[in-house]
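One letter stands for each residue in the lines below.
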Amino acid sequence: MALQSDVLQSCLQEAARAARAALPHCMDAAVAVLQDAELNSMKVAERDELAQAWRLLQDSKVAWSARYSADLLTAFGQCVDSAAAEVRTQHLPKSDPASSHINARSAAPLPGAEMFSLVDDADVTQAIESSRLLQQILPRVEQTLAELDSLMSSAQGLANVRPELNPLRPETFARVLQDIMADSQASSQASSQADAAMLALWIRHLAAPLAQEIQKIYSRVIHLLELAHVQAAHYRVLQTPA
């Protein structure tokens, strides 16, 4: 298990290092497309917005890349902790389902006022762009991700493939990058609507190059796992009623 843990940590560190080197390439690609869009735009306001978008990206490459690597490692660690908890529960005696249901229900918090708070337009826009970002990434990495899921589940000591516990899921890469972009805009003097518009521009033009870089990272990690002779976990077969 110690060797397995070492392999897992090596893979996570390699993924974070590769992401630090990859993000500037993504940003350069986005800058080039934004510059081209600026040159071809016939509207002054639109040109100004596009110019601001690519200039901010260009100026942020070094800072974002360093933070991206560090924040990804933190996010990876949180996912690994969740998977480790799953492994521990696999070895615990099974509890009474009815009792577990009652305990879970009694422990569940009552709905509070915060659950009914209104969501402003900027939050809605960011949620939409987040969904679009994943929609563009997932189809490009789907096949490689399935192989990575099985290997990472085995490296984490899971009996079966648990894709949602793979710390290198595309959602992790996308969420961490979005958080960095959002924090960058939060320090600006622009309105929330302007911030949301800028984030939308960045996400829209970073999606395709980010997907390509994630695909490369997955291939590198798969290679490391194969070199360490990690055997792929199996997908659980659910029995259907006759």
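Below is a short write-up of the structure. Note that the structure is predicted; figures quoted are calculated from it, not measured.

**Brief notes about the packing of aromatic side chains**
For any pair of aromatic rings, the description consists of the separation of the ring centres together with the inter-plane angle of the planes. Tallied over the entire structure, the rule returns three aromatic pairs. Taking 5.2 Å as the distance between ring centres and 80 degrees as the angle between the ring planes, the aromatic pair formed by Trp-64 and Trp-202 counts as edge-to-face. With a gap of 138 residues between them, Trp-64 in helix 2 (residues 44-90) and Trp-202 in helix 6 (residues 192-227) connect regions that are remote in the sequence. Through a chain of ring-to-ring contacts, the aromatic side chains of Phe-76, Phe-173 and Tyr-218 assemble into a single cluster.

**Focus: the nonpolar core**
Tyr-68, Leu-168, Phe-173 and Leu-225 are the most contacted members of the largest nonpolar core, which totals 57 residues. Of all the secondary-structure elements, those providing two or more residues to this core are helix 1 (2-40), helix 2, helix 4 (121-155), helix 5 (170-186) and helix 6. No other element matches helix 6, which puts 15 residues into this core.

**Regarding the pattern of salt bridges**
Tallied over the entire structure, the rule returns nine salt bridges. Across the pair Glu-14 and Arg-17 runs a salt bridge whose closest N-O atoms are separated by 3.1 Å. Residue Glu-14 and its partner Arg-17 are located together in helix 1, separated by three residues, close to a single helical turn. Residue Lys-61 is joined to Asp-28 by a salt bridge in which the shortest nitrogen-to-oxygen separation is 2.8 Å. Placement of Lys-61 in helix 2 and of Asp-28 in helix 1 is noted, with a sequence separation of 33 residues between them. For Asp-28, a relative accessible area of 36% gives the class partly exposed. Among the charged side chains, a salt-bridge network with shared partners connects Glu-14, Arg-17 and Arg-220.

Thresholds, definitions, all that
- Every chain begins its residue count from 1, and numbering advances along the sequence as written.
- Side-chain atom pairs in this predicted model are given and counted only at pLDDT of 80 or more, local residue features only at pLDDT of at least 70, and totals for whole chains, interfaces and linings cover all residues.
- Excluding hydrogens and water, the side-chain values take into account all heavy atoms of the structure.
- For this analysis, a ring pair means two rings from Phe, Tyr or Trp (six-membered ring only for Trp) whose centres lie within 6.5 Å, classed as stacked if their planes differ by under 30 degrees, edge-to-face if by over 60, and tilted for the remaining angles.
- Numbering goes from the N terminus for both helices and strands, where a helix is a DSSP run of H or I of at least four residues and a strand is a run of E of at least two.
- Think of a nonpolar core as a cluster: buried Ala, Val, Leu, Ile, Met, Phe, Trp, Tyr and Cys residues, connected wherever their side-chain atoms sit within 4.5 Å.
- Burial status follows relative accessibility: with a 1.4 Å probe on protein chains alone, a residue under 20% of its type maximum counts as buried, one over 50% as exposed, and anything between as partly exposed.
- Salt bridge criterion: a side-chain nitrogen from Lys or Arg within 4 Å of a carboxyl oxygen from Asp or Glu.

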